[in-house]
Amino acid sequence: MNRPLEVASWKGSIRGNYAHDAPPQFTKTPTDQIGVSGGVASFVCQASGDPKPQVVWNKKGKKVNSQRIETVEYDEGAGAVLRIQPLRAPRDENVYECVAQNSHGEKIVTAKLAIIRGSALPANPTPVSHPHPYPPPPPSTLHPPPSTLHPPLDPPPCIKRCF
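Residues numbered from 1 in each chain as written. Predicted model: local features only at pLDDT ≥ 70, side-chain atom pairs only at ≥ 80, totals over all residues. Heavy atoms only, no water.

Examining the packing of aromatic side chains
Each pair of aromatic rings is reported with the distance of its centres and the angle of its planes.
Now for step 1: Evaluated as defined, the whole model comprises two aromatic pairs.
Now for step 2: Centre to centre, the rings of Phe43 and Trp57 are 6.1 Å apart; their planes meet at 45°, and the pair counts as tilted. Residue Phe43 is located in strand 3 (residues 41-50), and its partner Trp57 is located in strand 4 (residues 54-59); the two are separated by 14 residues in the primary sequence. Like Phe43, the residue Trp57 is buried in the burial classification.
Now for step 3: A network of ring pairs unites the aromatic residues Phe43, Trp57 and Tyr96 as a single cluster. (Phe/Tyr/Trp six-rings, centres within 6.5 Å; stacked < 30°, edge-to-face > 60°. Helix = DSSP H or I, 4+ residues; strand = E, 2+ residues; numbered from the N terminus. Buried < 20%, exposed > 50% of the residue type's maximum accessible area, 1.4 Å probe, protein only.)

A short note on the environment of Asp75
Now for step 1: Looking at the secondary structure, you find Asp75 in the loop between strand 6 (69-74) and strand 7 (79-84).
Now for step 2: The partly exposed category is assigned to Asp75, whose relative accessible area is 31%.
Now for step 3: Measuring from C-alpha to C-alpha, the distance between Asp75 and Ala47 comes to 9.4 Å, with 28 residues separating the pair along the chain.
Now for step 4: Other than its neighbours up to four places away in sequence, Asp75 contacts Gln46 and Lys52. (Contact = heavy atoms within 4.5 Å.)

Concerning the nonpolar core
Now for step 1: Counting residues in each nonpolar core, the largest one holds 19 residues, and the members touching the most others are Phe43, Val55, Trp57, Leu82, Ile84, Tyr96 and Leu113.
Now for step 2: Discounting chain neighbours no more than four positions away, the residues touching Tyr96 are Phe43, Trp57, Asn58, Lys59, Val64, Leu82, Ile84, Val109, Thr110, Ala111 and Leu113. (Core = buried A, V, L, I, M, F, W, Y, C linked by side-chain atoms within 4.5 Å.)

A closer look at the sheet that holds strand 6
Now for step 1: Ordered in space as 1-3-7-6, the four strands form an open sheet in which the pairing is antiparallel. Strand pairing shows two members of the sheet lacking a second neighbour, strand 1 (22-28) and strand 6, which therefore form its edges. Strand after strand, the sheet turns through a mean of 20° between neighbouring axes, direction not considered. (Pairing = 2+ DSSP bridges. Axes fitted to C-alpha atoms, helices over the stretch in contact; angles between N-to-C directions.)

Here it is in structure tokens:
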């Protein structure tokens, strides 16, 4: 006895969170800085997430806005450099916020900018020597011993002047 084969089909949509959906996570965070009045300060911030987050810079909770402050976005807006030039004290001394946001959330990281006024700088600064990050190689690897450079000349060469 043969029965007909029945095939059921299902059409529908999948909704909800996928395994790859993720709130923003910082991959580069800005660091606190000390600048000199009239100089330049730059902060870098980047985030990842799915969908890719957008990164903006705030000062006192508001988007930075000044002719001396430039924001350069990269990585399709997931990264941003905040550049302040020239630095003005006390106006630019503050805590700056890097805000990363996507449809799954928002994260904030901060960095503080302090500014040294020109009058606080020493007139004749003392140079600071910084040690090299790697130790020097052993002396034997710098130069071969003199006896291996050239064979000894016996008798020594005679040098003549030509006029």
